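What follows is each chain in one-letter form.
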Amino acid sequence: MSSSPSGRFAPSPSGDLHIGNLRTAVLAWLFARATDRGFVLRMEDLDRVRPGADVRQLDDLRALGLTWDEPVLYQSSRTAVYRAVVDELVAARRTFECFCTRREILEAPSAPHAPQGAYPGTCRDLTAAQRERRRAERPAAIRLRADVSSFRVHDVCRGEFIGDVDDFVLIRGDGIPAYNLAVVVDDAASGIDQVVRGDDLLSSAPRQAYLATLLGHRPPEYAHVPLVCNRDGARLAKRDGAVTMADLAAHGVDAAGVLAMIGQSLGLSAPGEAVTLDLLAARFDPAALPRDPWIFVPPEHPRLIGGPAGKPRPTEAPQAGSSSSPRTK
């Protein structure tokens, strides 16, 4: 596995990518190329996998012109690696078994300023007899025994950010490695020192940076970029209509049109301008990126609308096969 400095895009193959996912992929690629980094593609397929989704996702990314360092990494091939890391933490007494359900955690009393859902420490100091009794009731998850309550990270888009760190899960009760563990281990193994992703994941960065530091790795540089939202200002979802490449193609918007939409939404191209990734890369300036969400309304509506939240502006869509910009930016 490569250890040269790299950025990455890491989708979960649970279905087709929508235009918000694709925009984040383009941004991750632009950030990496603008800083002379490699670019890694990783399938986070430990859970919620739909057969064939990974192939369709790769096809859509290629259609936009994205390239990456082969091979594509699949997390499902690395479960033994995650387990070995956890075994080391267990041996160092940095973990504990937890038998709480999600509902029990939500209903348990917590510290006055702890965020909702933060682990309240219920199983942190169980006796050996208590653990033995609970094991007969349900399988244990393995949690990190954190020795901090917060951690500071630097984000290119947000500046300094201090977020909460609790005793987060490393191995779930069903034996599946948890997201926060797998991404940290894989980023370090792949030489990922730049993580570009949606700003809904900003609160995860302090936990992941703390774990990376605990494992002896330098945390990556983060850039949490604004989400794509629907016309109601909520995070875009597939239920919002024609938001995937296949759906947009059925409405006359080809891959070149999708890329043109993304380019305009980032302020890197003009309405109706045909673009390529190389052209966008030549114009890319992280400091000039929009800081507001991009509002996207699918083409089954009278117009596609795009712009900062609360500031929609109509644009014109291209015809099928055209490389000009579609109606939404």
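These figures come from a predicted structure and were not determined experimentally.

Draft legend 1. Focus on the packing of helix 3 (residues 79-91) against helix 6 (residues 179-189). One can describe the packing of helix 3 onto helix 6 by two numbers: an axis separation of 10 Å at closest approach and a directional angle of 100°. By the angle class used here, helix 3 and helix 6 are roughly perpendicular. On the side of helix 3, the interface is formed by V81, Y82, V85 and V86, while helix 6 contributes L181, A182, V185 and D186. Residues belonging to the contact of helix 3 with helix 6 are distributed by class as follows: seven nonpolar, no polar and one charged.

Draft legend 2. Looking closely at the sheet that holds strand 1 (residues 6-9). Within the open sheet, the three strands sit side by side as 1-2-3. Their pairing is parallel. Of all the strands in the sheet, the pair left with one neighbour each is strand 1 and strand 3 (69-74). Mean inter-strand twist for the sheet, computed between neighbouring axes without regard to direction, equals 30°. By the bridge criterion, three bridges tie strand 2 (residues 38-43) to strand 3 in an arrangement that is parallel. Looking at the pairing, M43 lines up with Y74 of strand 3. On the sheet, helix 2 (residues 53-64) packs against strand 1, strand 2 and strand 3 and is oriented at approximately 155° with respect to strand 2. Of the strands in this sheet, strand 1, strand 2 and strand 3 are in contact with helix 6, which crosses strand 2 at around 145°.

Calculation notes
Residues numbered from 1 in each chain as written. Predicted model: local features only at pLDDT ≥ 70, side-chain atom pairs only at ≥ 80, totals over all residues. Heavy atoms only, no water. Axes fitted to C-alpha atoms, helices over the stretch in contact; angles between N-to-C directions. Helix = DSSP H or I, 4+ residues; strand = E, 2+ residues; numbered from the N terminus. Parallel < 35°, antiparallel > 145°, perpendicular 65-115°, else oblique. Contact = heavy atoms within 4.5 Å. Nonpolar A, V, L, I, M, F, W, Y, C, P; charged D, E, K, R; others polar. Pairing = 2+ DSSP bridges.

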